[in-house]
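Residues per chain, in single letters:
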Amino acid sequence: MGILDSIPHVNAVSSHRPWPRAVVTEAGWQAAIDRLVEGGLTLLGFWGEPTAVHMAMLDGGSAAIAVVTYECPAGTFPSVANRHPPALRLERTIHDLFGLVPTGADDLRPWLDHNAWGQSHPLSGRNASREVRPYQFLPAEGEALHQVAVGPVHAGIIEPGHFRFTANGEHVVRLEQRFGYTHKGIESLMQGASLEAAAKLASRTSGDSTVAYAFAFACAVEAALQIQAPRRATLLRALMAELERLANHLGDIGAICNDASFALMHAQTGILRERCLRAADVAFGHRLMMDVIMPGGVTRDIAPDGVSALRALLAELRKVFPRLIELYDNTASLQDRTVTTGIVKAEYARQFGAGGYVGRASGRDFDARRALAYMPYEALSFEVPVLQAGDVNARVWIRIREIEQSVALIEQILDQLGPGGLETALPAGTGGAAREGMALTEAFRGDVLVWLRLDGELRVERCHLRDASWFQWPLLEAAIEGNIIADFPLCNKSFNCSYSGVDL
Amino acid sequence: MRKTLLESLTHGSLTEPAPAPDGSALAELAAKVDRAAQARLGRSLAIREVDAGSCNGCELEIHALSNAFYDVERFGLRLVASPRHADVLLVTGPVTKNMREALERTYNATPDPKWVVAVGGCAIDGGIFRDSYACVGGVSETVPVDLHIKGCPPSPTDLLKGLLALLEHVGGER
């Protein structure tokens, strides 16, 4: 049974691929929210247009996906967040960008809008103004409570964001995040962009996941146009995606240990990460492999000496990494910091649909590569590690296991990489009608969703990019509760959420 | 742990020889650094990184500067935690409007003499985000810039060349 069978809808949108999209009335919208609240469906995405809002939902059991659309010519829609908290930041963003008002919302404070753009509701298509009030952080009351304000400029080399801690002595009573500092207006720049320009923007939504974003964007375009990239191109895409995962996980493991003052691990994984980036540079001409994946295929082949560079990398990882695992596992002073620190409850991971290591360290068994089996993963074999403890240690172990899986995947891909084309030619246009496409890919930190509508000339009419961090950041607020402030960098690093990815 | 430590000691060093300072960067700096500053700082610079709205790609490569291959500290370049400890601000991103005030305040918190290095294509002129309602554009539209390091993102070697040029210039004419 499809998702839409249980949600009353007015009509299905036939140009939406590969999953169905349907326009619903208020009854259908509420029915969809009911399914989210009772846990039968997981919220995958929630985004706006000038006179409509869309929700993408996943049925975890069958891996079915559907989008429901509520049209709001009057500028209002029934709030999702007041019944289903994971929607809150996305709902505030819709209000900020489009000026649409969620009726019944408990929290309509601005999210991305810091009153610095010189305009309100920039994607609403009209001149709107908004009443400006000082930003109110949520209250925490009690004797001996004090606040610690951190950011937006932090002490490390990290992205800008603000953390407001309320603490009782050393213990965190409440953490509230305030983001939006890196808001670049990516979705507005997307409007009217050529596919090439749009792919570049998508690739720079979160630089550490540039391959995953380019991959998802290309798949969404290909879904909309009903074309398929050649087999060799999809294998090269996965090769880059796994290299990106390796490099990031290696960097993260080192950085987490470094935040527990264990510099040796940081130095060792830093060497391995650098070797990954150098191999990527040899193979694809760019250390982060930016702009290699484009709609239709890939822009370049792997370099002639790329295969041997990657095989040498795998050999080095196979030799060195097991020793580092042992080092992590046998250093009691390190375990003392990571075990039972920053626990994410399994219930929250499920409710928020937390992707990546945050979800999988707390029992949520979802990986877009396996669940959706997008090309070429349908023909590759790999395991998805899942743990239950939900602490910093579990998030480290998920990364360790995923590094092992990525090494095996890269090996399989290199073995399967036969001759073949790199690109499927795109049609000159759609023949007039708009086409819609959607795709999910598994970035190192979780699933990236891209939804887009192309006009007749293959320009982007509207594109929404949803980072996994949207559903992970709020869980960090919960995970730090009751921990000491000094453990925040450790917890934060174990999440390593993207700021740019959610600020857009 | 002992084995890993011992091996690190007995194996040859991974750290690579320094690249030559970037010639064009030297030229850009030539007019900007005065003698007094050179005398005071010598060949040692404290660097504060400010992300003014980047995609985080530049941050990844700035991080890499500290790994064993580049080992930026051997040149007297140190990444510090506060602008109050810094001689150099390393600024990335198209300077989002939401970050402009924080960048200005960071600049004002940095003691003189100070230099600003704009890192990456976005920091030069806003890059692909230039035309957005949410971005100011290049870093130089918000604070004075002494040196630009190009690239999307610039590789650690590019970063090192630029920073060495800065160092040569600051310490060179004593």
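Since the model is a prediction, treat every value here as computed from it, not as a measurement.

The rules behind each value
- Within any chain, residue numbers begin from 1 and follow the written order of that chain's sequence.
- Key to labels: chains lettered from A, ligands numbered from 1, both in the order written.
- Selection of residues for local features in this predicted model requires a pLDDT of at least 70, selection of side-chain atom pairs for listing and counting requires 80 or more, and totals for whole chains, interfaces and linings are taken over all residues.
- The contact criterion used is a C-beta to C-beta distance within 7 Å, with each C-beta placed from the backbone.
- By definition, any uninterrupted DSSP run of H or I lasting at least four residues is a helix, any uninterrupted run of E lasting at least two residues is a strand, and each is numbered from the N terminus.
- Gly is put with the polar residues, along with every residue not named as nonpolar or charged; the nonpolar set is Ala, Val, Leu, Ile, Met, Phe, Trp, Tyr, Cys and Pro, and the charged set is Asp, Glu, Lys and Arg.
- Core membership is restricted to buried Ala, Val, Leu, Ile, Met, Phe, Trp, Tyr and Cys residues, and these are joined into a nonpolar core through C-beta atoms within 7 Å.
- With C-beta atoms placed from the backbone, a residue is buried if 20 or more other C-beta atoms are within 10 Å of its own, exposed if 12 or fewer are, and partly exposed between those counts.
- UniProt positions are given in the numbering used here, feature names are shortened, and annotations may be inferred rather than shown by experiment.
- In this entry, domain limits derive from an automatic or database-based domain assignment.

A.B. asks: A description of the interface of chain B and chain A should follow, citing residues and the corresponding values.
C.D. replies: Listed as interface residues are 42 residues of chain B and, on the opposing side, 42 residues of chain A. The set of elements that each furnish at least two residues to the side of chain B that touches chain A consists of α1 (2–10), β1 (45–51), α4 (57–64) and α5 (97–109) of chain B. A class-by-class count of the residues in the side of chain B that touches chain A yields 22 nonpolar, 14 polar and 6 charged.

A.B. asks: Let's hear about the nonpolar core: which residues, and what values?
C.D. replies: Among the nonpolar cores identified, the biggest contains 209 residues, and Met-57, Ala-216, Ala-220 and Val-450 of chain A together with Val-91 of chain B are the most heavily contacted of them. In contact with Val-91 of chain B, other than residues within four places in its own chain, are Val-50, Ala-52, Leu-103, Val-116, Ala-118, Val-119, Ala-123 and Val-139 of chain B.

A.B. asks: I'd love a proper account of the UniProt feature "domain: NADH:ubiquinone oxidoreductase-like 20kDa subunit" (unreviewed entry) in chain B, names of residues and values included.
C.D. replies: As recorded in UniProt, the feature "domain: NADH:ubiquinone oxidoreductase-like 20kDa subunit" (unreviewed entry) lies at residues 55–166 of chain B. Each end of residues 55–166 of chain B is marked by a C-alpha atom, and these two atoms are 25 Å apart; helix forms 33% of the span and strand 14%.

A.B. asks: Requested: an account of the UniProt feature "domain: NADH:ubiquinone oxidoreductase 30kDa subunit" (unreviewed entry) in chain A, with residues and values cited.
C.D. replies: Under the present numbering, the feature "domain: NADH:ubiquinone oxidoreductase 30kDa subunit" (unreviewed entry) in UniProt falls on residues 73–124 of chain A. This span, residues 73–124 of chain A, is 21% helix and 12% strand, and a straight line between its end C-alpha atoms measures 12 Å.

A.B. asks: Go over unusual backbone geometry, please, and point to the residues and values.
C.D. replies: Most peptide bonds are trans, and most residues other than glycine sit at a negative phi. Residue and element names in this part refer to chain A. Residue Pro-18 follows Arg-17 across a cis peptide bond; omega there is -5 degrees. Residues other than glycine seldom take positive phi values, yet Met-289 does so here, at roughly 60 degrees. Relative to the elements of secondary structure, Met-289 occurs in the loop between α7 (263–284) and β12 (293–294). We classify Met-289 as buried; it has 26 C-beta atoms within 10 Å.

A.B. asks: I'd like a description of the domain arrangement of chain A, backed by residues and values.
C.D. replies: Residue and element names in this part refer to chain A. When its domains are assigned, chain A resolves into domain 1 (3–103) and domain 2 (186–503). Here domain 1 and domain 2 have C-alpha centroids that lie 26 Å from each other. With 21 residues of domain 1 at the contact, the number on the domain 2 side is 23 residues. For the side of domain 1 that touches domain 2, a count of residues per class yields 11 nonpolar, 6 polar and 4 charged.

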